[in-house]
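The lines below spell out each chain.
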Amino acid sequence: MEANTAKFICRCQEITEEEIYKAIEDGATTIKGIKDRTEATMGLCQGRTCRRLIERMLPASGEPSRERYSCRPPVRTVKIGDLLKDESSKGEFE
Amino acid sequence: MSSVDAVVIGGGVIGCAVAYNLAKAGVSVAIVERDDICAGTSAACDTAIHLQSKSPGLHLRMAQESIKLFPELQKDFDEDIHFKKTGTMIAIQTREQNEVMRVFAERQRNNGLDVVILDRAAAVEKQPMMKGDLVGATYCTADATIHPQFLTKGYFQAAKKYGAKAMLHTNVENIALKDGHVASVITNRGNIQCKYVVNACGAYAPFIGKLTGLDIPIAPRRGQIVVTEPMPKFTHTIVNCARYIAAKFRPDLLGTSEADRMGIGLSLTQTERGNLLIGGTREFVGYDTRTTQKALLYILQHAANILPALKDIHIIRTFAGLRPFTPDGLPILGNVPGIEGFVMAAGHEGDGLALSAITGRLITEIICEKQSAYDFDLTKLSLERYKNLDIKAFEAQYAVYK
Ligand SMILES: Cc1cc2nc3c(=O)[nH]c(=O)nc-3n(C[C@H](O)[C@H](O)[C@H](O)COP(=O)(O)OP(=O)(O)OC[C@H]3O[C@@H](n4cnc5c(N)ncnc54)[C@H](O)[C@@H]3O)c2cc1C
Ligand code: FES
């Protein structure tokens, strides 16, 4: 029986506090390390809600990291049809 | 100084697969990764355990043996790796492509892969979303999908379960030899005495080679991918196109437009959460992992041309990864001439997930000096096959240090 006390850290992806701590135990020291092990921060809000919370859980004395955590385009979700109205991409495959 | 039998350098899918197999076979092993697992290409890729994208012959046969191993891996791992048989359809858009794909599929059938070619009507009936610009499609049920990061994590955690020592955030700075034999690995966190060192650094493998004076012809070949919002089931198979196959093996067939030179070809898979991954490119731009607006527009335009319903879907993210490309499309595996104990396990181009399971097995057979369970011609995978290659010309042609 699953007790209904699980604390969700990443609400979009439904990742619990316990899963985050397990990832840290496995060696994660960065947001990317957590993301690759749990899928946290990869939801519709792209980590806007949960990234801060997770950062606070990471070991303070963190291992040296080469992380180049970057937010890649698009910053907002955009419809493919709207993007393709862009003139610059016309003509290549027609 | 600590001491193990084997040091595996690189915590991507290949290094973790090798460490897992070695540890399971009872070899004392340390996995040394300068950053974290999945720091390289193994978290910047698609999800396919693909057979149809393998060249008929050794390449395809390795993938066929590899795919058989995933159900067994899943049983041995604690967490779900999302291995699922899905099949693939490859859209064919012109009569010329149809001829090339007909021959390709026939050769694959001779290798025991059951690929059929459907005309347009049959293709659209099978995959109603695929009603765009195409004259037909291949169809094969043998291909599968997987969760790349969870696969790497699965190998990593199981390796630790069997006793492998994990050394993350540990950079390999040098390799010490003694009498032509590997003696120890020198890292920023101390030295590790060992008899074997496995170079599983993917696109970065040439830098590890240089430490011992080895020239390794591997070049980073960038692939860009677009991720959409989660969707209900969009297609019931992986979808590729004939251009994708050409971009991989014969980019010279593509033409000379800007999109052709970027190696634009369709790959479409769907994760368990419902996100579509839409690819992709094949570009030689050195170690540049940025995404470009141009490529993303070409990718989406081409994809929507084949699957028009994509136009109504939102994209949420983009990423790029570096495939470890080799001149003949096969990975570089096994011993190297002149340095006893130095073992290669890199250069899997766009096939590293698919070939990870068989690579782990083969490298373990080599290190344990066991009779192989497979009849692969290992000389075709050896570094020595490139002994006459002009490495400077290779590096220049493929923009290695651009
Ligand atoms: C866009 C794209 C789509 C793809 N799609 C698929 C697919 O659908 N199916 C498939 O099978 N394959 C696919 N691939 C290919 C697959 O991702 C690669 O073949 C695979 O990830 C390579 O794994 P690797 O372990 O060799 O390299 P990596 O994952 O790059 O691992 C190498 C590791 O070595 C470490 N390292 C480097 N130097 C040092 C050092 N000095 N000391 C310690 N550690 C070091 C790095 O930090 C890195 O973590 C795709 C690739 C791309 C780019
Ligand atoms: S809350 Fe984690 S991605 Fe939205």
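Residues numbered from 1 in each chain as written. Chains lettered and ligands numbered in written order. Predicted model: local features only at pLDDT ≥ 70, side-chain atom pairs only at ≥ 80, totals over all residues. Heavy atoms only, no water.

Caption draft 1: Just the nonpolar core, in detail. Residues and elements named next belong to chain B. Met62, Leu151 and Tyr155 are the most contacted members of the largest nonpolar core, which totals 58 residues. Within the residue set of this core, elements represented by two or more residues are β2 (6-9), α1 (13-24), β3 (29-32), α2 (58-67), α3 (70-76), α6 (148-161), β21 (339-346) and α11 (352-367). Sort the elements by how many residues they give to this core and α1 lands first, with 9 residues. Each of domain 1 (2-44 + 149-217 + 328-397) and domain 2 (88-140 + 219-325) gives at least three residues to this core. By size, the runner-up hydrophobic cluster in this structure holds 42 residues, among which are Ala242, Tyr244, Ile264 and Ala295. (Core = buried A, V, L, I, M, F, W, Y, C linked by side-chain atoms within 4.5 Å. Buried < 20%, exposed > 50% of the residue type's maximum accessible area, 1.4 Å probe, protein only. Helix = DSSP H or I, 4+ residues; strand = E, 2+ residues; numbered from the N terminus. Domains from an automatic or database assignment.)

Caption draft 2: Layout of the confidence of the model for chain B. Confidence in the prediction of chain B, expressed as mean pLDDT, is 97, and 100% of residues score 70 or more. For this predicted complex, the interface confidence comes out at an ipTM of 0.92, alongside a pTM of 0.96. (pLDDT = per-residue confidence, 0-100.)

Caption draft 3: Spatial organisation of the environment of Pro327 of chain B. Residue and element names in this part refer to chain B. If you trace the backbone, Pro327 turns up in the loop between β19 (314-325) and β20 (332-336). Using a relative accessible area of 33% as the deciding quantity, one classes Pro327 as partly exposed. Taking the C-alpha atoms as reference, Pro327 lies 8.9 Å from Tyr386; in sequence the two are 59 residues apart. Aside from chain neighbours lying at most four places away, what touches Pro327 is Pro217, Tyr386, Leu389 and Phe394. (Contact = heavy atoms within 4.5 Å.)

Caption draft 4: Fine view of the interface of chain B and chain A. Taken together, the contacts link 52 residues of chain B with 40 residues of chain A. When chain B packs against chain A, the two sides together hide about 3,900 Å² of surface, and 52% of this comes from carbon and sulfur. At the junction of chain B and chain A, the tally comes to 4 salt bridges. Scanning the region where chain B abuts chain A turns up 13 residue pairs in polar contact (both at pLDDT 80 or more). Of all the secondary-structure elements, those providing two or more residues to the side of chain B that touches chain A are α6, β15 (219-230), α9 (258-261), α10 (293-306) and β19 of chain B. Take the side of chain B that touches chain A: its biggest share by element is 9 residues, from α10 of chain B. Along the lines of polarity and charge, the residues of the side of chain B that touches chain A split into 21 nonpolar, 15 polar and 16 charged. As paired elements, strand β3 (residues 78-79) of chain A and β19 of chain B share 2 bridges and run antiparallel to each other. The residue bridging Val78 of chain A from the neighbouring strand is Ile315 of chain B, located in β19 of chain B. (Buried area = accessible area lost by both parts, 1.4 Å probe. Salt bridge = Lys/Arg side-chain N within 4 Å of Asp/Glu carboxyl O. Polar contact = N/O pair within 3.5 Å; in protein donor to acceptor, adjacent residues only side chain to side chain. Nonpolar A, V, L, I, M, F, W, Y, C, P; charged D, E, K, R; others polar. Pairing = 2+ DSSP bridges.)

Caption draft 5: Looking closely at the pattern of salt bridges. For the structure on display, the rule yields 31 salt bridges over all chains. Put simply, Arg221 of chain B and Glu349 of chain B hold a salt bridge, and the shortest N to O gap is 2.7 Å. On the criterion of sequence distance, the pair formed by Arg221 of chain B in strand β15 and Glu349 of chain B in the loop between β21 and α11 is long-range, its members being 128 residues apart. For the pair formed by Arg221 of chain B and Glu349 of chain B, the shared burial category is buried. Across the salt bridge formed by Glu283 of chain B and Arg222 of chain B, the nearest N and O atoms sit 3.0 Å from each other. Of this pair, Glu283 of chain B sits in the loop between β18 (275-279) and α10 while Arg222 of chain B is found in strand β15, placing the two residues 61 residues apart along the sequence. This pair shows no difference in class: Glu283 of chain B is buried, exactly as Arg222 of chain B is. The network of salt bridges with shared partners includes Asp26 and Arg37 of chain A together with Asp36 and Lys160 of chain B.

Caption draft 6: Structural view of the site of ligand 1. Residue and element names in this part refer to chain B. What surrounds ligand 1 is a group of 39 residues, the closest being Glu33, Ser42, Ala48, Glu349 and Ala354. Between ligand 1 and Leu353, the relevant distance is 2.9 Å, taken from an oxygen atom to a main-chain nitrogen or oxygen of the residue. If ligand 1 stood free it would expose 1,000 Å²; the protein chains cover 96% of that surface. Within the residue set of the shell around ligand 1, elements represented by two or more residues are α1, β15, β19 and α11. No other element matches the 4 residues that β19 contributes to the shell around ligand 1. A per-class count over the shell around ligand 1 returns 18 nonpolar, 15 polar and 6 charged. The residue makeup of the shell around ligand 1 includes at least three contributed by each of domain 1 (2-44 + 149-217 + 328-397) and domain 2 (88-140 + 219-325). (Near = heavy atom within 4 Å. Areas by Shrake-Rupley, 256 points an atom, 1.4 Å probe, with all protein chains shown as cover.)

Caption draft 7: Here's a closer look at the packing of aromatic side chains. Residue and element names in this part refer to chain B. The tally for this structure, following the rule as stated, stands at 14 aromatic pairs over all chains. Here the aromatic rings of Phe394 and Tyr398 are separated by 5.1 Å at their centres, their planes lie at 55°, and the arrangement is tilted. Residue Phe394 is classed as buried on the basis of its relative accessible area, which comes to 4%. Overall, Tyr398 belongs to the buried group, its relative accessible area being 17%. An aromatic cluster of three or more residues is present, and its members are Tyr20, Phe77, Tyr155 and Tyr162. In this arrangement the basic side chain of Arg34 is found over the ring face of Tyr204, its NZ or CZ atom lying 4.7 Å from the centre. In this structure, Lys153 packs its charged tip against the face of Phe150, placed 4.5 Å from the ring centre. (Phe/Tyr/Trp six-rings, centres within 6.5 Å; stacked < 30°, edge-to-face > 60°. Lys NZ or Arg CZ within 6 Å of the ring centre and 35° of its normal.)

Caption draft 8: The domain arrangement of chain B, seen in detail. Residue and element names in this part refer to chain B. Examined at the domain level, chain B breaks down into domain 1 (2-44 + 149-217 + 328-397) and domain 2 (88-140 + 219-325). Every contact between the two is made by 14 residues of domain 1 and, on the other side, 13 residues of domain 2. Contact between domain 1 and domain 2 buries roughly 1,100 Å² in total, counting both sides, with carbon and sulfur atoms accounting for 60%. The interface formed by domain 1 and domain 2 holds 3 salt bridges in total. Where domain 1 meets domain 2, there are 6 residue pairs in polar contact (both at pLDDT 80 or more).

Caption draft 9: Structural detail: the side chain of Arg221 of chain B. You can call Arg221 of chain B buried: its relative accessible area is 2%. Of the polar contacts made by the side chain of Arg221 of chain B, one reaches the side chain of Glu349 of chain B; its length is 2.7 Å.

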